[in-house]
Amino acid sequence: MNDAETKSATVKARLPRGLADRTPTDIAATNRMMAAIREIYELYGFEAVETPFIEYTEALGKFLPDLDRPNEGVFSFQDDDDQWLSLRYDLTAPLARYVAEHFDRLPKPYRSYRAGFVFRNEKPGPGRFRQFMQFDADTVGSASVAADAEICMMAADTIEKLGIKRGDYVIKVNNRKVLDGVLEAAGLGEGQNAQKLIVLRAIDKLDRLGPEGVRLLLGAGRKDESGDFTKGAELAPAAIQRILDFTAARASDNAGTLERLRKTVGDSARGLEGVAELATMADLFGTAGYGDGRVVIDPAVVRGLEYYTGPVYEAELTFEVKDENGRPMRFGSVGGGGRYDGLVARFRGEPVPATGFSVGVSRLLAALTAIHSPIVAGEAQRGPVVVLVLDKDQVARYQGFVSALRAEGIRAELYLGSAGMNAQLKYADRRRSVCAIIQGSNEREKGEIIVKDLVLGAQVANAAKDMDRAEYLALKERQQTTVAEADLVRAVRETLARHG
RNA sequence: GCCACCAUAGCUCAGUUGGUUAGAGCGCCGGAUUGUGGAUCCGGAGGUCCCCCGUUCAAGCCGGGGUGGUGGUACCA
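Okay, so let's go over this structure. (Residues numbered from 1 in each chain as written. Chains lettered and ligands numbered in written order. Predicted model: local features only at pLDDT ≥ 70, side-chain atom pairs only at ≥ 80, totals over all residues. Heavy atoms only, no water.)

**What about the side chain of T355?**
Inspection of the secondary structure puts T355 in strand β15 (residues 354–360). On the accessibility criterion, T355 (0% relative accessible area) is buried. For T355, the side chain forms a polar contact with the side chain of D148, separated by 2.6 Å. Non-local contacts of T355, meaning those with residues more than four positions away in its chain, are made with A137, D138, T139, A147, D148, I151, Y313, G338, R339 and Y340. (Helix = DSSP H or I, 4+ residues; strand = E, 2+ residues; numbered from the N terminus. Buried < 20%, exposed > 50% of the residue type's maximum accessible area, 1.4 Å probe, protein only. Polar contact = N/O pair within 3.5 Å; in protein donor to acceptor, adjacent residues only side chain to side chain. Contact = heavy atoms within 4.5 Å.)

Structure representation (structure tokens):
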């Protein structure tokens with residue numbers, strides 16, 4: 001095979017878009033985040049459960065019966081019996097399936113948490129991935145808004161536990177029933193679900209498009225800068241104004257917001273029920289001390305998902321995140337949730353109230369990385385002790401040093417490459433090893449080994465940039481100690497102890 | 001899906017009105033030191049200039065088409 005053929009036969013190493021490899025640093029940062037979240041969730045009395053990545057598509061509610069295939073947004077494939085399977089796109093639908101399947105043996109209300117990757121076949125962007133990690137907590141079997149309020153407060157605790165300061169985030173709360181009431185008052189009744197959905201999506205864009213953009217979407221439609229036209233909800237001007245009043249109803253405090261909401265829903269019974277729920281939650285927040293800006297009622301929050309039936313919540317970072325070119329990055333919410341009283345009922349036929357919250361771990365990690373947060377910028381782990389190979393015919397002897405260290409529980413490895421001493425030390429440096437073990441013929445004849453302290457060496461090198469070579473070499477000598485082979489473990493222990 | 005912009009070494013980029021053998025910095029590998037990483041100096045490897053077609057004596061550069069990427073927008077069940 002000539003070069004050209006070799007080249008064309010080579011597979012290009014590339015990752016599909018929207019997916020990411022995780023480096024040791026990423027993994028360590030994620031683990032720290034997960035541990036923090038778990039600690040709060042368990043403190044609140046939630047217990048762990050885990051479901052698989054794959055579910056029947058119909059269990060996820062993503063099968064399109066009219067088209068006889070799953071929704072495009074989910075990764076799907078057919079089993080050998082032709083049944084459609086899908087990768088889960090969130091952790092809520094699989095939980096609903098789990099609870100329905102094991103209903104009789106679960107304590108009710110059932111409080112559980114779970115973490116894992118979810119998959120969405122959508123166009124990726126900054127903070128948007130096709131595989132990403134979520135960390136959810138849900139209470140199934142309680143219709144009380146106390147369950148919703150608790151989850152909002154836990155969300156606040158969780159975000160803070162992740163090292164985000166009070167004031168740098170906010171948990172926004174709204175209620176779908178209030179929105180329903182507003183739509184009712186605006187003349188949109190039961191049968192107009194398609195239009196309701198358009199309204200929902202339009203309100204969801206409020207932060208990007210502003211009230212005027214949303215007004216267009218609620219009316220005839222909106223043409224964006226690129227000339228693309230989005231069809232609107234075709235509502236009457238009075239109805240549009242009522243909806244915009246609703247989204248702008250947030251006042252300086254929760255009591256003021258509730259007062260405005262009462263006016264906006266008019267005499268819609270459902271709307272008033274929603275306002276009453278929000279009032280009860282506001283009381284709970286106030287009593288628990290979360291009414292200080294950590295949890296606020298914000299009617300502009302609706303969330304895009306259809307299945308929410310009552311309170312909805314969203315966790316937002318309030319500081320601006322910029323990319324390396326200084327441009328602001330749009331991350332969206334770093335968590336959210338709400339009440340979904342209908343999801344379990346799909347499996348059981350009887351209503352089972354449920355509410356839950358989801359932390360977008362991947363998105364949060366991306367945001368924290370972008371601002372160089374110390375939570376995610378922790379030092380990479382120290383590497384193992386590296387035993388150098390100076391004489392290739394002495395490998396067995398070197399391997400013996402490695403075994404002796406491992407037997408004492410000290411992480412150690414034999415250099416397995418083929419490079420010279422220089423490169424071997426570079427390797428140990430790259431591995432962030434604390435020390436390297438060196439034995440050439442001179443030492444071997446005396447039954448000795450050298451323990452070279454790489455951390456101390458780095459410190460000396462930094463402080464010694466402009467000394468002459470002789471001085472530099474003299475200092476270098478101090479970074480290594482020569483001991484008898486029998487003292488190997490003791491000498492390594494001392495070196496490790498010096499650097500924590 | 002629609003719109004805009006972009007594509008030259010592992011990375012960030014330069015490359016003249018179209019003109020021989022396409023460059024820099026960083027990184028990587030090696031040496032200076034029988035046998036000592038990170039500083040310094042020296043050397044080396046590394047390229048289908050995204051692909052195809054066209055214009056031309058001549059294309060990294062011009063034209064057309066494609067592919068890929070980025071951003072916005074839509075969709076996000």
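There's more to say after this.
**A short note on the packing of helix α6 (residues 176–185) against helix α11 (residues 269–288)**
Contact pair α6 / α11: the axes reach a minimum separation of 7 Å and the direction vectors enclose 150 degrees. Put simply, α6 runs roughly antiparallel to α11. Taken as a pair, α6 and α11 cross one another with a handedness that is left-handed. For the pair α6 and α11, the contacting residues are K177, V178, D180, G181 and E184 in the first and A269, R270, G271, E273, G274, V275, E277 and L278 in the second. Along the lines of polarity and charge, the residues of the contact of α6 with α11 split into four nonpolar, three polar and six charged. (Axes fitted to C-alpha atoms, helices over the stretch in contact; angles between N-to-C directions. Parallel < 35°, antiparallel > 145°, perpendicular 65-115°, else oblique. Left-handed = near helix turned anticlockwise from the far one by under 90°. Nonpolar A, V, L, I, M, F, W, Y, C, P; charged D, E, K, R; others polar.)

**Notes on the protein's contact with RNA strand B**
Lining the immediate surroundings of RNA strand B are 50 residues, of which R201, D224, D429, G457 and A458 lie closest. Taking K205, its side chain carries an N or O atom lying 2.9 Å from a phosphate oxygen of RNA strand B. Here a phosphate oxygen of RNA strand B sits 3.1 Å away from a polar atom, N or O, in the side chain of R430. Those elements giving two or more residues to the surface near RNA strand B turn out to be α15 (421–430), α16 (441–446), β19 (448–453), α17 (454–463) and α18 (469–478). When residues in the surface near RNA strand B are grouped by element, the largest group, seven residues, is from α15. Its residues assigned to classes, the surface near RNA strand B comprises 14 nonpolar, 13 polar and 23 charged. (Near = heavy atom within 4 Å.)

**Points about the packing of aromatic side chains**
Enumeration according to the criterion identifies nine aromatic pairs in this entry. An angle of 50 degrees between the planes, with centres 5.6 Å apart, marks the rings of F53 and F119 as tilted. Of the two residues, F53 is situated in the loop between β1 (47–48) and β2 (54–56) and F119 in strand β7 (residues 110–119); the sequence distance between them amounts to 66 residues. Taking the relative accessible area as the measure of exposure, F53 reaches 38% and is therefore partly exposed. Relative to F401, the ring of Y398 has its centre 6.4 Å away and its plane inclined at 65 degrees; by these criteria the two rings are edge-to-face. Residue Y398 and its partner F401 are both found in helix α14 (residues 395–407); the two are separated by three residues, about one turn of the helix. In this structure F401 comes out as buried when scored by relative accessible area, which is 6%. Lying across the ring of F347, R346 places its NZ or CZ 5.0 Å from the centre. The lysine or arginine in question, R348, covers the ring of F103, its NZ or CZ lying 3.9 Å from the ring centre. (Phe/Tyr/Trp six-rings, centres within 6.5 Å; stacked < 30°, edge-to-face > 60°. Lys NZ or Arg CZ within 6 Å of the ring centre and 35° of its normal.)

Any functional reading would require information beyond the geometric quantities listed.
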